[in-house]
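Coordinate analysis (summary)
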Amino acid sequence: MRPILPLLSICFTLLSSGTSSGDDRRWLVSLIDLVELDYQDQCGQRATAAWDELTGSNKGLSLKLERDKAFGIFSRQQKTDVKSAFNSHTLTADDDILRRRVKLLLQPGDSLLETEQWIRLVTFADTSLNHIRFAPDYECGTNNCTLRELQNNLAREQDEQILKRMKESWEKKLPDFNDYLDNILPLLRNASKENLYDSVEEYWDALTEYEGATLKAREIWDHVKPLYTKLNKYVALRLKGADAVGKPLPIHSLRSLTGDDWSNLIEILLPKHSDIYQKVYANLHVMDMGGLNAYREAEKVINHLNFGEIPSEIINESDYNGTCPSTIVDWCQPNKLKLVTCKDVSISNYMEAHEIAMKLKYKLIAATHSNNTYALREAPRYSAVYEAIPGFVSLLSMTPHTLDRAGLYSLERFNYNPNYHRLVLQLMIALRDLPRLNFYMAADEWRLQVLMGKVPFAKIASSWSEFRKNFSLIESSNIDILGDPYVLMNKPHVGKFMGLILKYQVYQSFAEELMSDDDDLVEHVAENNQRLIDTMMHGYAFVWTEMVSDLLAKRENGLEYTGLTDYFRLLDEYLDNQLDPTSENTFEEYIDPPTEADNENEIVDENKENKEPDYEDNEDQQKTHDDINENIIETEDESHAKSGSEASTVGVLEIKNPVAASDPNENINPKEASYNVYWWIGIAVAIAVVIVLVAIVARKRHNHRKQLERQRRQNSSA
């Protein structure tokens, strides 16, 4: 630690000796600089301890507890010193940045708790998380296993009773629920008072830097809830049948521990035509796209977006033998970052790799800005922008062109049935994001209700499971909320909730600039990424809400749910179709793409019939098709623009000698053979013309519908 106390004493002496206002300001700036340097030292020491703990060092937990306890004492002392100096000086109107730094140092959050209370909080959280992470005796069927093995087995297990026992073995490792209710959760009231706020909700809103953040989150959730409810009912229908629709689902049936991610159910929920999932999943495993390999692929995407490279030492020196989700360890020094993650291969982990890698890049970009001191880079605030931009990159990792570049799914194959493939991609992403949104809201709302006395004392111990049943349509235990790190550390989820909503607005703002839905969105973002870079460079120098308008190219200046609901339009229609068989929402005809073994075109068989896709049937079977549909090629129409979600195609028939095979000695009438050839050619041309006309009409209808939808959003935003 730097010898800062003598320097602070000199500053205080000079500030109290009647110097000029200009000298006062200079000394205040010097004081703030020194305080921030000492904070940076604290950050480095805590990061080293956190790294040792996360990687399983024998003394890692004790060292982390020691550093975390000391940080609370340090933070309270620095607040007192800064406040003493700040009271002797009045800032001018153009001192916005200095005023911002002072505010962040005077209100650093929970670390202002009294020493005994702070030690109680960090001891509870650090010890609980360490025990959960490194317990060796979880139940995996008939064997004991680690947390990572438990997560992997949970994803694959089919037996309901085994799943239930696995989750119960995890719950036994959670901290005491009564201890949490009596001694940890109430600390939020004390923390809000120490930071000069009247209520916990107001305190959390301030940490999120959005006035009325919780109220806004509730308003947004009311609009997103119908889509979540449909997904919940669809999951119930596929898992347990029609009788279970609308009833709470047990968390273990979701192959989840806290119910905030349903990705492990994807194979049960796939629609009939799920070619893109099968091939992406297979290619991820063939290419071993987990751990280090996943992050190297994510780095390629980030570099393709023109954000620059991530220093190789950050990626190479990280630990890929831990557990997921990933954890970033930040030493608060240039290029001094590492992460702890797992090397398990899954689509969810692949997307997470892109998100976490972009968070690393976000921190690196923020650190390059000359005005970003420690407080303006590492403020204890929950910025929705910090969540949104990396989340946006995770969405880009699943776009058609990105999957093609990664060798996971060819763009040519995608163009055969773009709507079906987009539907499957949307389902995969929805299973990650919609349950997460719901959990964020549920965890915050339940804690606020308990703290405000809205839950009768006698029912508090069982109130979480009851709340989850009503709010989430999920059957929870009374204690599984304590598996969430933010709950253990008394942190709010509202910032993450808003960031998840904002990432879809960012996606929409770029997607609406494309000439066609089939254009390469990553290329477009790479050419127009300055608004993203500007936002990241500012760090915490500005409140994140002040940057939303520029981030969204001035289309909107606040959070709106429409970006998310528009993104999941196809999924919404599909869920309607599944839950109501009389629904008119249908997709265009499915086309079997050619297999790798198809070396030549097939002869037309007029006895084959096209059938409408039946989403009620989840068996692994494919429709039969006319050979016209088996010989599809894409047309180049204007600048390769297709009909948004319906690619323009034309049937091409390879016309072979139409004369039937006969006795070689039998004479063949050349005129009759010639007539048959011309007749078949005429039929082929007519069919091709009809298909082109249908595609053109479909494209025009789609473009018209898209134009009306944009006008509707513009009118609603106006």
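Read on for a plain summary of the structure. (Residues numbered from 1 in each chain as written. Predicted model: local features only at pLDDT ≥ 70, side-chain atom pairs only at ≥ 80, totals over all residues. Heavy atoms only, no water.)

Thoughts on the overall build of the chain
Our working definition: Secondary structure is summarised from DSSP: a helix means a run of H or I of at least four residues, a strand means a run of E of at least two, and numbering begins at the N terminus for each. Burial classes follow relative accessibility: with a 1.4 Å probe on protein chains only, a residue under 20% of its type's maximum area counts as buried, one over 50% as exposed, and anything between as partly exposed. Only the protein chains shown count as cover for residues, and the accessible areas themselves come from Shrake-Rupley with a 1.4 Å probe.
Counting its secondary structure elements, the chain contains 30 helices and eight strands. Out of the 718 residues in the chain, the part that is buried amounts to 53%. Only carbon and sulfur atoms are counted for the fraction: they give 50% of the accessible area of the chain, which is about 32300 Å².

Focus: unusual backbone geometry
Pro 325 follows Cys 324 through a cis peptide bond whose omega is 5 degrees. When you line up the elements, Pro 325 lands in the loop between α15 (312–316) and β4 (327–330). Positive phi, close to 70 degrees, is recorded for Leu 196, a residue that is not glycine. Here Leu 196 shows up in the loop between α9 (187–194) and α10 (200–208). Note on Leu 196: relative accessible area 65%, which makes it exposed.

Some words on helix α11 (residues 213–240)
Which entries qualify depends on this criterion: Given a residue, its bend is the angle between the two axes fitted to the seven residues that end at it and to the seven that start from it.
The sharpest bend along α11 reaches about 45 degrees and sits at Val 224, with the proline Pro 226 one to four residues further on. Trailing α11 by a residue or two, Gly 241 shows a phi angle of about 95 degrees, which is positive.

Quick notes on the state of the cysteines
Using the following cut-off: By convention in this document, the label disulfide applies to cysteine sulfur atom pairs within 2.5 Å.
All told, the structure shown has three disulfides when counted by the stated rule. In this model Cys 43 forms its disulfide with Cys 332; the gap between the sulfur atoms is 1.9 Å. Residues Cys 43 and Cys 332 are joined through a disulfide that is right-handed, its torsion about the S-S bond being 70 degrees. Of this pair, Cys 43 sits in helix α2 (residues 21–54) while Cys 332 sits in the loop between β4 and β5 (337–340); the two residues are 289 residues apart in sequence, bridging distant segments of the chain. Judged by its relative accessible area of 4%, Cys 332 falls in the buried class.

A closer look at the pairing of β4
Operational definition: When DSSP finds two or more bridges between two strands, those strands count as paired.
Sheet analysis places β4 next to β5, joined by four bridges and oriented antiparallel. What sits directly across from Thr 327, in β5, is Val 340. If you look at the hairpin formed by β4 and β5, you'll find six residues sitting between the two strands, and Cys 332 has a positive phi there, around 60 degrees.

Some details on the packing of aromatic side chains
Selection rule: Stacked, edge-to-face and tilted labels apply to pairs of Phe, Tyr and Trp rings (six-membered ring for Trp) whose centres lie within 6.5 Å, assigned for plane angles under 30 degrees, over 60, and everything in between, in that order. Should the NZ of a Lys or the CZ of an Arg lie within 6 Å of a ring centre and within 35 degrees of the ring normal, that charge is described as sitting over the ring.
Within this structure, the stated rule accounts for 30 aromatic pairs. When the centroid spacing of 5.7 Å and the interplanar angle of 25 degrees are considered together, the rings of Tyr 277 and Tyr 281 count as stacked. Here Tyr 277 pairs with Tyr 281, and both are found in helix α13 (residues 275–286), just four residues apart, close to one helical turn. What makes Tyr 281 partly exposed here is its relative accessible area of 31%. Linked through ring pairs, Phe 124, Phe 177, Tyr 180, Trp 221, Tyr 228, Trp 262, Phe 439, Trp 446, Trp 464, Phe 467 and Phe 471 together constitute an aromatic cluster. When the ring centre of Trp 331 is taken as reference, the NZ or CZ atom of Lys 336 above it lies at 4.9 Å. Of note, Lys 491 hangs over the ring of Tyr 486, and the distance from its end group to the ring centre comes to 5.3 Å.

A few points about helix α29 (residues 569–579)
At 3.6 residues per turn, the α-helix brings residues three or four places apart onto the same side. Put simply, the rule is: Along the arc lie the directions from the helix axis toward the C-beta atoms. Only heavy atoms matter for contacts: two residues are in contact if any of them lie within 4.5 Å across the pair.
Inspection of α29 places Leu 570, Leu 571, Tyr 574, Leu 575, Asn 577 and Gln 578 among the buried residues, and these make up the whole buried set. For α29, the angular spread of the buried residues around the axis is 160 degrees, confining them to a single face. Elements in contact with the buried residues of α29: α11, α12 (266–269) and α21 (418–451).

Details of the environment of Leu 434
Along the chain, Leu 434 turns up in helix α21. On the basis of relative accessible area, Leu 434 is assigned to the buried category, the value being 0%. In this view, Leu 434 contacts Val 224, Leu 227, Tyr 228, Leu 231 and Leu 564; residues no more than four positions away in its chain are not counted.

Examining the environment of Ile 314
Along the chain, the position of Ile 314 falls in helix α15. Taking C-alpha positions, Ile 314 is 8.0 Å from Leu 339, a pair spaced 25 residues apart along the chain.

Looking at the environment of Phe 86
Considering the arrangement of structural elements, one finds Phe 86 in helix α3 (residues 60–86). For the pair Phe 86 and Asp 24, spaced 62 residues apart in the sequence, the C-alpha separation amounts to 9.7 Å.

Side note on empty space enclosed by the protein
How we decide: Put plainly, a pocket is an open set of points on a 1 Å grid over the protein atoms alone with protein on both sides within 12 Å along at least five of seven lines, a cavity is a set where a 1.4 Å probe fits but cannot get out, and a lining residue has an atom within 4 Å of a point. Grid points are joined across faces, edges and corners, and a volume is the space filled by probe spheres set on the points.
If you walk through the whole model with that rule in mind, you get two cavities of 30 Å³ or more. Its volume calculated, the largest cavity comes out at about 60 Å³. Residue lining of the largest cavity: Trp 204, Thr 214, Ala 217, Tyr 440, Met 441, Asp 444, Glu 445, Val 494 and Phe 497, and that is the complete set. Within the residue set of the lining of the largest cavity, elements represented by two or more residues are α11, α21 and α24 (494–511). Per element, the largest residue contribution to the lining of the largest cavity is four residues, and it comes from α21.

Things to note about the nonpolar core
Threshold: For our purposes a nonpolar core is just a set of buried Ala, Val, Leu, Ile, Met, Phe, Trp, Tyr and Cys residues, chained together by side-chain atoms within 4.5 Å.
Ranked by internal contacts, the top residues of the largest apolar core, which has 165 residues, are Tyr 180, Phe 497, Leu 502, Leu 532, Trp 544 and Leu 564. Setting aside anything within four residues of it in sequence, one finds Tyr 180 in contact with Phe 124, Leu 185, Pro 186, Trp 446, Arg 447, Leu 482, Val 487 and Asn 490. Counting residues in hydrophobic clusters, the runner-up holds 14 residues, among them Ala 135, Leu 147, Met 166 and Leu 174.

Quick notes on the pattern of salt bridges
For clarity, the threshold we go by: Throughout this description, the term salt bridge denotes a Lys or Arg side-chain nitrogen within 4 Å of a carboxyl oxygen of Asp or Glu.
With the rule as written, the count across this model stands at 38 salt bridges. The closest approach of N and O atoms between Glu 36 and Arg 101, which form a salt bridge, is 2.7 Å. Here Glu 36, found in helix α2, pairs with Arg 101, found in helix α4 (residues 96–106); they are 65 residues apart in sequence, far enough to count as distant. Glu 36 sits in the buried class, given a relative accessible area of 3%. In this structure Arg 101 comes out as buried when scored by relative accessible area, which is 8%. A salt bridge links Lys 240 to Glu 160, with the shortest nitrogen-to-oxygen separation between them at 3.7 Å.

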